[in-house]
Amino acid sequence: MAVEASDGPVTFKKSSASKSNQLHSEMKNSDSYDDGQSNRKTSDVPASNGQSSSSLNGKASAIESSVDISKESNLKTYTKSSPSANSKFPSLGNKNESLLEKKIPKCDDFEDEEDNTPLSDIRMKMNNDNDKKATPNALKKSYEDSDDDDIPLSARLPHNTNLGESSSNYDDSDKQETASKLSVKRPLDEIGSLHSSGKKPKLSDPGSSINAKQISVRSDAKVEEEDDDDIPISRKKNKVVKLMDKSSSSKKLTNVAKVNKGAAPSFKKKEKLKKSGNESEHSQSTKLQLSSGDGQKKWTTLVHNGIIFPPPYKPHGVKILYKGKPVTLTPEQEEVATLFAVMRDTEYMEKEIFKDNFWNDWRELLGENHVIQNLKDCDFTPIYDWCQIEKDKKKQMSLEEKKALREEKMKQEEKYMWAIVDGVKEKVGNFRAEPPGLFRGRGVHPKMGKVKRRIRPNDVVINIGKDAPIPECPIPGESWAEITHDDTVTWLAKWRDPIKPNKLKMVSLAASSSWKGQSDKEKYEKARMLKSYIGNIRAAYTKGFTSKDITKQQIAVATYFIDKLALRAGNEKDDEEADTVGCCTLKVENVTAEGHNKLKFDFLGKDSIKYENTVEVEPPVYKAILKFQKDKQPGDDLFDKLDTSKLNAHLKELMPNLTAKVFRTFNASFTLDDMLNKETKDGVVAEKTAVYQHANKQVAIICNHQRSVSKNHSTQISKLNEKIDELQAVLKELKIDLDRARKEKPPLKRSSDGKNKRNLNPEAIGKKIAQISAKIEKMQRDIHTKEDLKTVALGTSKINYLDPRITVSWCKRHEVPIEKIYTKTLLEKFAWAMDVDPDFRI
DNA sequence: CTGGAGACTTGGGACAATGCTG
DNA sequence: CAGCATTGTCCCAAGTCTCCAG
């Protein structure tokens, strides 16, 4: 059911020459684009993090105020920052700067442009399962540059899955209606409070008496030297808050948090700040720098406690049977046997490679002359049963016991959970060494079943500040492999993966940390930047489709696929891994020409997830593919002149720092932004979140984020259906009662049990009917979405691809509490995005 | 220019916590 | 208020991309 390709996706109106300037202004426009809403800005939207602008004192406040100053004087900040912006990244620095100017011209801008946009270009082509509702009126293109350029092609070309899409035309009407709404304050505020109060309890960190000292020293220094310029604000903010927590001001902070939670009095202040200063977001993104550039210093002081190891193996003494006879094993042998035993009812047991690999490794442990000579004659049932019993025991434990156990664990781990980076306490991501296990690769993995041996301190390299105390090795008598003080990297510890010795496992900070937040933000800024380059990029590759130079031609087609289908780059892989492909590694047989310019893609991508999609492509692309396939055998590379480094090198010529993966981010975030703005209607929160979910789903489909259907999916569906039937019967009866009640007759006896019902008045019955109808409707919706989403995983895109600022600003505009969209951890992860301006657009 | 090492992001599924309902 | 479904987190595998030596 491939959909016809949106006609000439690449109709470029603008000469590609004048490029970047233009692009910039376009981008600016897009920022403020939200017609007629500018006044909104003045009114509301607190600086989100209840933290940032609230009570301040002491040193912390000094830092904070420097932040605020930059907020207030946008212009100053901008001029200051743009020249200093990383030269590799020319436009990012000032991208937002003209917010003030921009506002005005923009309307005309796009009105002009819309005229010369061919409708055919605008048309969004996705056939839709069920919601064709999008209103196709005002065929107005809402984006600054009316060329289709900004529409990710993938948005126009759906997968041929049953999950269609909606909306036909670019339609401004939604925007207008949204414009009338004022943004919400409450939810954001809650976040703020959530944060400040959330972190507080943990501060009593044990393992850092030294640390405390360092922190305060550091914070003093900060106040004086910190020149705002080399530290992203997002990060600074964190600092402020956290430092405050530590200091005496923490009490005050908590109070504020509390207040915030209630009504929202603390807003007053923020609003004022906003008014005079305006858009903290902008000053913030002005600061953006590419700190990820390597070889660069990432920290000055780094303190942490290393990592924790799983407890040593406790032998259980249960014997396996070999040819029916019990065999005694050494603890080491038994441990591995147990790892195998517990896999009994997984599908791995049917895989020969798995068993072979396991046997090879286990046999080595058993030794040449062991009684056990093959796996076939081994019966692991006794161990399996023993494990089941242990599991049950655990389950049976009382609540208190479980709690005690958990607390015990917490106590042991607490000190590993935190690191102090440049005086700021940050959560550590994975501070636990991976326990031994059997390697479970995905897909057909040549190494599945191999024994992943235990990691010991001796495998682990610790990276830590020069002046920081070296973490004590948690296993007595052993020691770390090495201590380094490398301030150009962000990992705290690393070791070699025993399964793939040339792969490293690294311990770094959690997703909520400022390091991660910072690079996350950079990632999205890059995607935004692509928005203004995409027109030229598309023009360039369209030209390349017919290039005589075969390498150039392949680059063009590959880029087209990456843009249009959001394919991954596709690095080379060796034979020791599952056989999967990405764009550059597509094999001849992965793409089939089906006539009428339709190409069928069928391959295993990352994690051996199947990608199946049939799309209509540009005729020259179709021809090119036929040409690339000519004289090749299945198994040969489709793009034989290409690899990811060549591709990325080429992309970098088109836009600074552009790489293949940016297209996925761009596609995803753009689609979200676009759909949210087109489809959000007035209504209750649940309806709006459904719109969000729908957009989220489209993105997941574009990115091919799948999940396996839960095993009881069908049971659950039929259960719901049953319930609906029941309710419908009740409804029917109620309607009869209503009729009778109106005629002042008593209700009939209840059909189910024949008992009398209460004699209710018509209003009451009417109310009941409404209630039940609503319930039925809800259940029907539930069934629908469940069915709809049974194979689609929404989480991945939410976590990795959707610019949280789009989400947050949408929530603000539509009074949707952010908690409806983000879980607690995601709120933490996206803390850097919470004070975005409600007008933010990608 | 190439291949491998290293650093960091993205991915699905297992499992634990939480929520809901009879 | 137990028992189960749902949701949220953790785990660790599998990608991308950069850098550097030869």
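Residues numbered from 1 in each chain as written. Chains lettered and ligands numbered in written order. Predicted model: local features only at pLDDT ≥ 70, side-chain atom pairs only at ≥ 80, totals over all residues. Heavy atoms only, no water.

A. Highlighting the sheet that holds strand E15 (residues 610–616). Within the open sheet, the three strands sit side by side as E13-E14-E15. Their pairing is antiparallel. The open sheet has two edge strands with one neighbour each: strand E13 (591–593) and E15. Pairwise comparison of adjacent strand axes, ignoring direction, gives a mean angle of 15 degrees for this sheet. Sheet topology places strand E14 (residues 598–604) next to E15; seven bridges connect them, and they run antiparallel. Residue pairing across strands places Phe601 opposite Asn613, the latter belonging to E15. Its contacts with the sheet put helix H22 (residues 550–565) on E14 and E15, and the angle it makes with E15 is roughly 100 degrees. (Pairing = 2+ DSSP bridges. Helix = DSSP H or I, 4+ residues; strand = E, 2+ residues; numbered from the N terminus. Axes fitted to C-alpha atoms, helices over the stretch in contact; angles between N-to-C directions. Contact = heavy atoms within 4.5 Å.)

B. Geometry of the protein's contact with DNA strand B. Contacts to DNA strand B come from 29 residues, most closely from Arg496, Ser519, Lys523, Lys606 and Tyr801. If you look at DNA strand B and keep only atoms within 4 Å of the protein, 87% of those are sugar or phosphate atoms. Residue Lys494 places a side-chain N or O atom 3.0 Å away from a phosphate oxygen belonging to DNA strand B. One of the side-chain N or O atoms of Arg664 is found 2.9 Å from a phosphate oxygen in DNA strand B. The set of elements that each furnish at least two residues to the surface near DNA strand B consists of strand E11 (493–496), strand E12 (504–507), helix H21 (514–544), helix H25 (660–679) and helix H29 (795–800). Take the surface near DNA strand B: its biggest share by element is three residues, from H21. Across the surface near DNA strand B, the residue classes tally to six nonpolar, nine polar and 14 charged. (Near = heavy atom within 4 Å. Polar contact = N/O pair within 3.5 Å; in protein donor to acceptor, adjacent residues only side chain to side chain. Nonpolar A, V, L, I, M, F, W, Y, C, P; charged D, E, K, R; others polar.)

C. Looking closely at the side chain of Ser608. In this fold, Ser608 is placed in the loop between E14 and E15. Excluding residues within four positions of it along the chain, Ser608 makes contact with Arg442, Gly443, Val444, Ala578 and Thr580.

D. Representation of a negative patch on the surface. There is a patch of like negative charges on the surface, built from Asp574, Asp575, Asp579, Glu589 and Asp636. Secondary-structure assignment places Asp574 in the loop between H22 and E13. By relative accessible area, which is 40% here, Asp574 ends up partly exposed. (Patch = residues over 30% accessible without salt bridge, like charges linked within 9 Å, V, L, I, M, F, W, Y side chains within 5 Å. Areas by Shrake-Rupley, 256 points an atom, 1.4 Å probe, with all protein chains shown as cover. Salt bridge = Lys/Arg side-chain N within 4 Å of Asp/Glu carboxyl O. Lys, Arg positive; Asp, Glu negative; His and termini not counted. Charge placed at Lys NZ, Arg CZ, Asp CG, Glu CD. Buried < 20%, exposed > 50% of the residue type's maximum accessible area, 1.4 Å probe, protein only.)

E. Geometry of the pattern of salt bridges. Under the definition given, this model contains 27 salt bridges. For Lys523, the salt bridge goes to Asp520, with nearest N and O atoms at 3.1 Å. Here Lys523 and its partner Asp520 are both found in helix H21, three residues apart, which amounts to about one turn of the helix. Assessed through its relative accessible area of 19%, Lys523 is described here as buried. Salt-bridge contacts for Asp640 lead to Lys641; the nearest nitrogen and oxygen are separated by 3.3 Å. One connected set of salt bridges, linked through shared partners, spans Glu525, Arg528, Asp803 and Arg805.

F. Main features of the protein's contact with DNA strand C. Near DNA strand C there are 34 residues, and of these Lys505, Lys573, Lys661, Lys786 and Thr825 occur at the shortest range. The share of sugar and phosphate among atoms of DNA strand C within 4 Å of the protein is 86%. Contacts to DNA strand C include Lys573, whose side-chain N or O atom sits 2.5 Å from a phosphate oxygen. Residue Gln716 places a side-chain N or O atom 2.7 Å away from a phosphate oxygen belonging to DNA strand C. Only helix H24 (644–654), H25, helix H27 (713–742) and helix H31 (824–829) provide two or more residues apiece to the surface near DNA strand C.

G. Broad picture of the environment of Ser608. Its relative accessible area of 17% is what places Ser608 among the buried residues. In sequence terms Ser608 and Val581 are 27 residues apart; their C-alpha atoms lie 8.7 Å from each other.

H. Highlighting the nonpolar core. In terms of nonpolar packing, the biggest core is built from 75 residues, with Phe561, Leu586, Phe601, Phe639 and Tyr822 touching the most fellow members. Broken down by element, this core gets its largest block of residues, nine residues, from H25. Every residue in contact with Tyr822, bar those within four places of it in the chain, is listed here: Tyr692, Lys798, Pro804, Thr807, Val808, Leu827, Phe830 and Met834. Judged by nonpolar contacts, the second largest core, of 28 residues, contains Phe309, Val428, Ile464 and Ala493. (Core = buried A, V, L, I, M, F, W, Y, C linked by side-chain atoms within 4.5 Å.)

I. Focus on the sheet that holds strand E6 (residues 424–427). An order of E1-E5-E6 is seen for the three strands of this open sheet, with the pairing classed as antiparallel. Looking at the sheet topology across the chains shown, the edges are occupied by strand E1 (302–304) and E6. Averaged over all pairs of adjacent strands, the angle between their axes in this sheet comes to 25 degrees, without regard to strand direction. Bridging between E1 and strand E5 (residues 418–421) involves three bridges; their strand directions are antiparallel. The residue bridging His304 from the neighbouring strand is Ala419, located in E5.

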